[in-house]
Structures are given as structure tokens and as C-alpha cells.
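Below are the chains, spelled out letter by letter.
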Amino acid sequence: MKELVKKALEAQKFSYSPYSNFQVGAALLTKTGKIYTGCNIENAAYTPTNCAERTAFFKAISEGEKDFEAIAIVGNPKDSKENEREYCAPCGVCRQVMAEFCKLKGFKVILGKSEDDYKVYTLEEILPLAFTKDVL
Ligand code: THU
């Protein structure tokens, strides 16, 4: 888990966020042990912005990955001091994307402030009463 948070911190450095100045990094672990990273990518037109979590998911899915174990997420304002960091929870859209591809009870969402300070949730905990393909 510490390793996955480290990868998310590395990905955060690539954040393209000139409008919000809020930098997010994510690292997605597959069941076979591969890691796909992502950062948030903003746009002058605002709505095309892609969150770090979805960047990581879409990279992985587009390369044929189907089974996921966990995602680590870090996010904070640019130039914030290390002792001012908060846990960055994924937005509702990203939670819904996770629910499409991951088990609610098994998939772990790791929110990190640093390599040594993180919290672990299941997807079910952060997305109760999920709308999934099972009901269609
Ligand atoms: N953002 C993410 O990348 N992931 C989250 O979980 C929350 C929000 C991004 C979107 C936007 O670029 C910036 O953070 C501020 O909302």
C-alpha cells in the first residue's frame, strides 16, 4: 500500500491543473500486480477536465486490464505545505467509474497524505447504494 501511495505521489507531479491549481495523482493496482498511474488533466473549457483516477482507469482498461485490486489517491493544492495536506476523496463520477469495473466489497480505495499516512476504504464504504450493471 505504501508503494502504491508512492506511485500516486510520483504521478501527481504530472498534474496539468493551471485553472484549479489542485494537483491529484492516482495509482491503480491490477490483480496481476501491474500499476497504472494517472493525474488530473484540466482544460480551458473546464468540462473536458479528467480526474486522476479516471485517467488511471482509462489507461488500464484501454490496455485490456479487467481485474483491479486497489487505487491510491493523493491530492492537494499546488505549493501547499506537507503538514497542511488533507486526504483527497474521489469525486462521485470517479466512484461510479470504479463501480463499473470493481467489486464494491473487495476493491480498496487508499487515500494518502504521504507514504506513511494513508487511510484504506472499500468501494462499498465510499459508494453506498451503488447503481451498477447488476440492476439492468
Ligand atoms: N480532481 C481529481 O483529479 N480527482 C478527485 O478525486 C477530485 C478532483 C481534480 C479535478 C480538477 O482538475 C481538480 O481536481 C479540482 O477539482
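Read on for an overview of the structure. Along every chain, residues carry numbers that run from 1 in the direction the sequence is written. Thresholds applied to this predicted model are a pLDDT of at least 70 for local features of residues and 80 or more for the giving and counting of side-chain atom pairs; totals over whole chains, interfaces and linings are not thresholded and use all residues. Excluding hydrogens and water, the side-chain values take into account all heavy atoms of the structure.

## Quick word on the overall build of the chain
Then, in step 1: Per the secondary structure count, the chain includes four helices and five strands.
Then, in step 2: Helix numbers and strand numbers start at the N terminus; a helix is a DSSP run of H or I with at least 4 residues, a strand a run of E with at least 2. In the chain, the succession of α and β elements from N to C terminus is α-β-β-α-β-α-β-β-α.
Then, in step 3: Each radius of gyration reported is based on C-alpha atoms, and the globular scaling rule is 2.2 Å times the count of residues to the power 0.38. The C-alpha radius of gyration computed for the chain amounts to 14 Å, which stays within 12% of the reference 14 Å derived for 136 residues, consistent with globular compactness.
Then, in step 4: Dimensions of the chain along its principal axes, counting C-alpha atoms only, are 45 × 35 × 30 Å.

## What to know about the site of the ligand
Then, in step 1: In the neighbourhood of the ligand, the contacting residues comprise Ser20, Phe22, Val24, Asn40, Glu42, Thr49, Cys51, Ala52, Glu53, Ala89, Pro90 and Cys91.
Then, in step 2: A distance of 2.5 Å is found between an oxygen atom of the ligand and a side-chain nitrogen or oxygen belonging to glutamate 42.
Then, in step 3: For every accessible area listed, the method is Shrake-Rupley and the probe measures 1.4 Å; residues are considered covered only by the protein chains on display. Summarising the interface, the protein chains cover 79% of the accessible area of the ligand, which totals 370 Å² for the free molecule.
Then, in step 4: Residues are grouped as follows: Ala, Val, Leu, Ile, Met, Phe, Trp, Tyr, Cys and Pro are nonpolar; Asp, Glu, Lys and Arg are charged; every other residue, Gly included, is polar. Taken together, the residues that form the shell around the ligand break down as seven nonpolar, three polar and two charged. If even one non-hydrogen atom of a residue comes within 4 Å of a molecule or strand, that residue is called near it. Whenever a nitrogen or oxygen atom comes within 3.5 Å of another N or O atom, the pair is scored as a polar contact, on the condition that within protein one atom can donate a hydrogen and the other can accept it, and that pairs from neighbouring residues in sequence are kept only if both atoms are in side chains.

## Description of the packing of aromatic side chains
Then, in step 1: A pair of aromatic rings is counted whenever rings of Phe, Tyr or Trp (Trp by its six-membered ring) have centres within 6.5 Å, and the orientation is called stacked for planes under 30 degrees apart, edge-to-face for over 60 and tilted otherwise. Counting across every chain of the model gives four aromatic pairs.
Then, in step 2: Here phenylalanine 57 and phenylalanine 68 contribute two aromatic rings whose centre-to-centre distance is 5.2 Å and whose plane-to-plane angle is 65°, an arrangement assigned as edge-to-face. Placement of phenylalanine 57 in helix α2 (residues 52-61) and of phenylalanine 68 in strand β3 (residues 68-77) is noted, with a sequence separation of eleven residues between them.
Then, in step 3: Three exposure classes are used, based on accessible area relative to the maximum for each residue type with a 1.4 Å probe and protein chains only: buried under 20%, partly exposed in between, and exposed over 50%. A relative accessible area of 5% means that phenylalanine 68 is categorised as buried.
Then, in step 4: Between phenylalanine 57 and phenylalanine 101, the ring centres sit 6.5 Å apart and the planes meet at 25°, which makes this aromatic pair stacked.

## A word on the pattern of salt bridges
Then, in step 1: Salt bridges are counted wherever a side-chain nitrogen of Lys or Arg sits within 4 Å of a carboxyl oxygen of Asp or Glu. Counted under the stated rule, the structure contains six salt bridges.
Then, in step 2: Taking the shortest distance from any N to any O, the salt bridge between glutamate 69 and lysine 108 comes out at 3.7 Å. Of the two residues, glutamate 69 sits in strand β3 while lysine 108 sits in strand β4 (residues 108-114), which places them 39 residues apart along the sequence.
Then, in step 3: Judged by relative accessible area, glutamate 69 falls into the partly exposed class, the value being 27%.
Then, in step 4: Linking glutamate 124 and lysine 105 is a salt bridge whose minimum nitrogen-to-oxygen distance equals 3.0 Å. Here the residue glutamate 124 occupies a position in helix α4 (residues 123-126), and lysine 105 occupies one in the loop between α3 (92-101) and β4, the gap between them amounting to 19 residues.

## Some thoughts on the sheet that holds strand β2 (residues 35-39)
Then, in step 1: For two strands to be treated as a pair, DSSP must find no fewer than two bridges joining them. As summarised here, the arrangement of the five strands in space is β2-β1-β3-β4-β5, forming an open sheet in which the pairing is mixed. Looking at strand neighbours, the two that pair on one side only are β2 and β5 (117-122), the edges of this open sheet. Strand-to-strand twist in this sheet, taken as the mean axis angle between neighbours without regard to direction, amounts to 20°.
Then, in step 2: Bridge count between β3 and β4: four bridges; the pairing is parallel. Between the N-to-C directions of two axes lies an angle of 0 to 180 degrees, each axis being a line fitted to C-alpha atoms and, for a helix, fitted only over the stretch in contact.

## Some words on the environment of phenylalanine 68
Then, in step 1: Along the primary structure phenylalanine 68 and phenylalanine 101 are separated by 33 residues, whereas in three dimensions their C-alpha atoms are 7.6 Å apart.
Then, in step 2: In this structure, phenylalanine 68 is in contact with Leu28, Leu29, Thr30, Lys31, Phe57, Ala60, Ile61, Phe101, Cys102 and Phe107, ignoring residues within four places of it in sequence. Contacts: residue pairs with any heavy atoms within 4.5 Å of one another.

## Looking at a nonpolar patch on the surface
Then, in step 1: Put simply, a patch holds well-exposed residues, over 30% relative accessible area, that have no salt bridge, with like charges counted together within 9 Å and Val, Leu, Ile, Met, Phe, Trp or Tyr side chains within 5 Å. A cluster of nonpolar side chains, namely Tyr16, Tyr19, Ile41 and Tyr46, defines an oily patch on the protein surface of about 440 Å² accessible area.
Then, in step 2: Mapped onto the elements of the fold, tyrosine 46 is located in the loop between β2 and α2.
Then, in step 3: The exposure class of tyrosine 46 is exposed, given its relative accessible area of 57%.

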